[in-house]
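Per-entry structural report
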Amino acid sequence: MLRFAATRLVSLGLSLIAASLVIFAVIEVVPGDPAAFMLGLNAEPEAVAALRDELGLNGSRAARYLSWVGGMVTGDFGQSYTYRVPVSQLVLQRLWVSLPLALYALGLSTLIAFPIGLIAASRRGRPADYGIMAATQLGVAVPNFWFAMLLVLVFAVNLRWFSAGGFPGWEAGAFAALKALTLPAVSLALPQASILARVMRSALIETLGQDYIRTARAKGLSRRQAITRHALRNALIPVLTIIGLQFSFLLAGAIIIENVFFLPGLGRLIFQGITQRDLVVVESVVMLLVFAVILVTFLVDLAYAAADPRLRHRR
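What you see is a predicted model; the values in this text were computed from it and never measured.

**As for the overall build of the chain**
Within the chain one finds 14 helices and 0 strands. In the chain, which comprises 315 residues, the share counted as buried stands at 40%. A sequence separation of at least 24 residues applies to 73% of the contacts in the chain between residues at least 6 apart. For the chain, the computed accessible surface area is about 17,000 Å², with 66% contributed by carbon and sulfur atoms.

**Considerations on the packing of helix H5 (residues 87-122) against helix H13 (residues 266-275)**
Running from N to C, H5 and H13 point in directions that differ by 135°, and their axes come no closer than 8 Å. If you check the angle between H5 and H13, you find them oblique. The segment H5 lies against H13, with Leu90, Val91, Arg94, Leu95 and Ser98 engaging Leu266, Gly267, Arg268, Leu269 and Gln272. Its residues placed into classes, the contact of H5 with H13 shows 5 nonpolar, 3 polar and 2 charged.

**Brief notes about empty space enclosed by the protein**
Under the defined criterion, the tally for this structure stands at 1 cavity of 30 Å³ or more. The computed volume of the largest cavity comes to approximately 30 Å³. Every residue lining the largest cavity is listed: Phe162, Ser163, Gly165, Lys179, Ala180, Leu183, Pro184 and Phe261. Within the lining of the largest cavity, the residues separate by chemical class into 5 nonpolar, 2 polar and 1 charged.

**Overview of the UniProt feature "transmembrane region" (unreviewed entry) in the chain**
The sites that carry the UniProt feature "transmembrane region" (unreviewed entry) are, in the present numbering, residues 101-120, 132-157, 169-190, 235-257 and 285-307. Helix makes up 77% of residues 169-190 and strand 0%, whereas the separation of the span's terminal C-alpha atoms amounts to 25 Å.

**Regarding H13**
Listing the buried residues of H13 in full gives Leu266, Gly267, Leu269, Ile270, Gln272 and Gly273. Positive phi shows up at Arg277, right after H13, with a value of about 60°.

**Concerning the pattern of salt bridges**
Scanning all chains against the criterion turns up 1 salt bridge. Salt-bridge contacts for Asp129 lead to Arg201; the nearest nitrogen and oxygen are separated by 2.8 Å. Separated by 72 residues along the polypeptide, Asp129 in helix H6 (residues 127-141) and Arg201 in helix H8 (residues 174-208) bring together distant segments of the chain. We classify Asp129 as buried; its relative accessible area is 2%. Residue classification places Arg201 among the buried residues on the basis of a relative accessible area of 16%.

**A word on a nonpolar patch on the surface**
Together, Phe145, Trp146, Met149, Leu150, Leu153, Val154, Val157, Leu159, Trp161 and Ile256 make up a nonpolar patch on the protein surface, roughly 920 Å² of accessible area in all. If you trace the backbone, Leu153 turns up in helix H7 (residues 144-158). Using a relative accessible area of 44% as the deciding quantity, one classes Leu153 as partly exposed.

**Observations regarding the packing of aromatic side chains**
Describing an aromatic ring pair means giving the distance of the ring centres and the angle of the ring planes. This model, assessed by the stated rule, comprises 3 aromatic pairs. Judged by centre distance (5.8 Å) and plane angle (40°), the rings of Phe155 and Trp161 are tilted. Taking relative accessible area as the criterion, Phe155 reaches 25% and is therefore assigned partly exposed. Centre to centre, the rings of Phe167 and Trp170 are 5.9 Å apart; their planes meet at 70°, and the pair counts as edge-to-face.

**A few points about the packing of H7 against H8**
In the contact formed by H7 and H8, the axes pass within 9 Å of each other and the chain directions differ by 140°. When the axes of H7 and H8 are compared, the pair comes out oblique. In terms of crossing hand, the pair formed by H7 and H8 is right-handed. Between H7 and H8, the residues in contact are Asn144, Phe147, Ala148, Leu151 and Phe155 and Leu183, Val186, Ser187, Leu188, Leu190 and Pro191, respectively. Taken together, the residues of the contact of H7 with H8 sort by class into 9 nonpolar, 2 polar and no charged.

**Examining H6**
Think of an α-helix as 3.6 residues a turn; residues three or four steps apart then line up on the same face. Over its 15 residues, H6 runs 21 Å from end to end, which matches the ideal 21 Å to within 8%, given 1.5 Å per residue. Within the span of H6, buried status applies to Asp129, Ile132, Met133, Thr136 and Gly139. Buried residues of H6 fall within an arc of 120° about the axis and therefore sit on the same side. Exposed residues on H6 whose side chains face more than 90 degrees from its buried face are Pro127, Tyr130, Leu138 and Ala141. Looking at the buried residues of H6, the elements they touch are H5 and H8.

Quick notes on the rules
- Each chain carries its own residue numbering, running from 1 in the written order of its sequence.
- Local features are withheld for residues below a pLDDT of 70 in this predicted model, meaning they are given only at 70 or higher, and side-chain atom pairs are given and counted only at 80 or more; totals for whole chains, interfaces and linings count all residues.
- The side-chain numbers reported here are obtained from all heavy atoms of the structure, hydrogens and water having been left aside.
- Numbering of helices and strands runs from the N terminus, with a helix taken as a DSSP run of H or I at least four residues long and a strand as a DSSP run of E at least two residues long.
- Per-residue accessibility, obtained with a 1.4 Å probe over protein chains only, is compared with the maximum for each type, and a residue is labelled buried under 20%, exposed over 50%, and partly exposed between these values.
- Residue contacts are defined here by distance: any two heavy atoms, one from each residue, within 4.5 Å place the two residues in contact.
- Here the open area of atoms and residues is found with the Shrake-Rupley method and a 1.4 Å probe, where only the protein chains shown may cover a residue.
- Only the stretch in contact is used when fitting a helix axis, every axis being a line fitted to C-alpha atoms; angles between N-to-C directions are given from 0 to 180 degrees.
- For classification purposes, an angle smaller than 35 degrees is called roughly parallel, one larger than 145 roughly antiparallel, one from 65 to 115 roughly perpendicular, and anything else oblique.
- Just so you know the grouping, Ala, Val, Leu, Ile, Met, Phe, Trp, Tyr, Cys and Pro go in nonpolar, Asp, Glu, Lys and Arg go in charged, and all remaining residues, Gly too, go in polar.
- Buriedness for pockets is judged along seven lines, at least five of which must meet protein on both sides within 12 Å for an open set on the 1 Å grid over protein atoms alone, while cavities are sets there where a 1.4 Å probe fits but cannot get out, and lining residues have an atom within 4 Å of a point.
- Grid points are joined across faces, edges and corners, and a volume is the space filled by probe spheres set on the points.
- UniProt positions are given in the numbering used here, feature names are shortened, and annotations may be inferred rather than shown by experiment.
- A carboxyl oxygen of Asp or Glu within 4 Å of a side-chain nitrogen of Lys or Arg is what we treat as a salt bridge.
- Candidate patch residues must exceed 30% relative accessible area and have no salt bridge, after which like charges are joined if within 9 Å and Val, Leu, Ile, Met, Phe, Trp or Tyr side chains if within 5 Å.
- Working definition: a ring pair exists when centres of Phe, Tyr or Trp rings (six-membered ring for Trp) sit within 6.5 Å. Plane angles under 30 degrees give stacked, over 60 give edge-to-face, the rest tilted.
- Handedness of a crossing follows from how the near helix is turned relative to the far one, being left-handed for an anticlockwise turn of less than a right angle and right-handed for a clockwise one.
- Every helix has an expected span of 1.5 Å times one less than the residues it contains.
- Within this analysis, the arc is defined by the directions that extend from the helix axis to the C-beta atoms.

Next up, the structure:
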């Protein structure tokens, strides 16, 4: 197990290096001068040059890349051009919105998808299976931002059970904060639950056709016992893959939902950084999100090895 984890850690490190090079190169080729953008169209060239020197934009690209990477390793993400505060401070403030939102949505998605997938697999070819598959197909097809606006219209405008947007902060209490995150979490969770339920159903159906399941049934186990005792664990490998990918998507890809509900999260911070040409914020936050995606992939690999010990011994 240790050798398996060490191999994955090396792969994680190489992926981070490659990602940092790509992110820095993409940010560098974006047209426009942050200093000129901050000072306006009528700024004097001397003032622009002085601001570029203050922001460290006059150094070579290699020196700036090494300074950026070295700072991230030590926890120094630089200073925001726009907000004039450390980027790490901005990230910590926004992370307390994006991370609970992602976990909330992932929890809802898993709670919805697992029983639905089990029911569809155990009733394959029956009306319940056809109804569940039709509902999940609709959930996959509907864009989450459209579903979010529909939730706002029904539960915020008409019923007034929730607010239409904004975040009161955790200092207002856990109940108030979670209530503000409920509609965004539901709008993110239902499409992901549809995908996860379909994968769960397919994995279970494939597993139920294996010889050891037929042997278990021949020994007297009921269909439900065969599913819960034997098939479910072996069907978890593709499901774990989807759960890991969904968490990465929910953490890094909720930009539209955060803008729909006016949530001060990481996605909205990236959007604001792009519109304001705050390149330090954009590249640092994107790098952190890439690190989160790679870390989740590493944890999913470890979960694979725990679910299926054969993977630990493959060369």
